Amino acid sequence: MSADPCDDFVCKSSPAVERTLKTVLKDINALRGTTRSTSSYAPDVVYDDGVLKFRGADKYKKYCSYIENNLKQATSRVTSISMVDGGLDAARVTWELNGVNDIGRVGVDIECTYKMNLITGRILEHREVWVVNPSRTDAQAGALLESTRKAHALPLKTLEANVRQMV
């Protein structure tokens, strides 16, 4: 196996799913938050990272700015990619995020699960779990990361709640 799991990944699903996953992996490796390729996502994709929830591919460009606005010297590294339970329409990507916030260095292990349309390859659901890794995080820097993620999400959650009320 090479050092990069992206090189070794063989998608046993549709060619469209494979194209989408390769695009997503490039976006993760380049830490593209608001500049990611939204063509990989269905127009009504559902996103949930435990702190922030939204519906709509257009919102990635507005809402996914946490890393670029709160971490300096940020780097990422995909650690694994696989289809979920041997299925064809869901993939799991794990990756490491490392950076520096106002208190010190932080390391986060992130697990993304993507539910996908087999024909278009577009992502229908995108779920993330962020776990601060204490071996890569300075004392109190992890707590600051978690609190600033919540603070970042609060006005966006309010915006989303107002949009839902108007519909």
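Residues numbered from 1 in each chain as written. Predicted model: local features only at pLDDT ≥ 70, side-chain atom pairs only at ≥ 80, totals over all residues. Heavy atoms only, no water.

Draft legend 1. Inspection of the overall build of the chain at higher detail. Secondary structure assignment for the chain yields 5 helices and 6 strands. Across the chain, helices and strands are ordered from the amino to the carboxyl terminus as α-α-β-β-α-α-β-β-β-β-α. Radius of gyration (C-alpha) of the chain: 16 Å, near the 15 Å computed for a compact globule of 167 residues. Here the chain holds 167 residues, and 46% of them are scored as buried. Across the chain, the fraction of contacts at a sequence separation of at least 24, relative to all contacts at a separation of at least 6, is 58%. Counting every atom, the chain has about 8,900 Å² of accessible surface; 54% of that belongs to carbon and sulfur. Across the chain, the 23 positively charged side chains and the 21 negatively charged ones have centroids separated by 4 Å. (Helix = DSSP H or I, 4+ residues; strand = E, 2+ residues; numbered from the N terminus. Rg over C-alpha atoms; globule rule 2.2 N^0.38 Å. Buried < 20%, exposed > 50% of the residue type's maximum accessible area, 1.4 Å probe, protein only. Contact = heavy atoms within 4.5 Å. Areas by Shrake-Rupley, 256 points an atom, 1.4 Å probe, with all protein chains shown as cover. Lys, Arg positive; Asp, Glu negative; His and termini not counted. Charge placed at Lys NZ, Arg CZ, Asp CG, Glu CD.)

Draft legend 2. Inspection of the pairing of strand β5 (residues 105-116) at higher detail. Bridge count for strand β4 (residues 90-100) against β5 is 11 bridges, and the pairing is antiparallel. Paired with valine 100 across the bridge in β5 is arginine 105. What sits between the antiparallel neighbours β4 and β5 is a turn of 4 residues. As defined by bridge partners, β5 adjoins strand β6 (residues 123-132) across 9 bridges and the pair is classed as antiparallel. For valine 108, the partnering residue across the bridge sits in β6 and is valine 132. (Pairing = 2+ DSSP bridges.)

Draft legend 3. Structural view of the sheet that holds β6. Read across the open sheet, the 6 strands follow the order β2-β1-β6-β5-β4-β3; overall the sheet is mixed. At either end of the open sheet lies a strand with only one pairing partner, and these are β2 (53-55) and β3 (72-83). Ignoring which end each strand starts from, the neighbouring axes of this sheet average 20° apart. Strands β1 (41-48), β3, β4, β5 and β6 of the sheet are contacted by helix α2 (residues 15-29), whose axis makes an angle of about 155° with β3. (Axes fitted to C-alpha atoms, helices over the stretch in contact; angles between N-to-C directions.)

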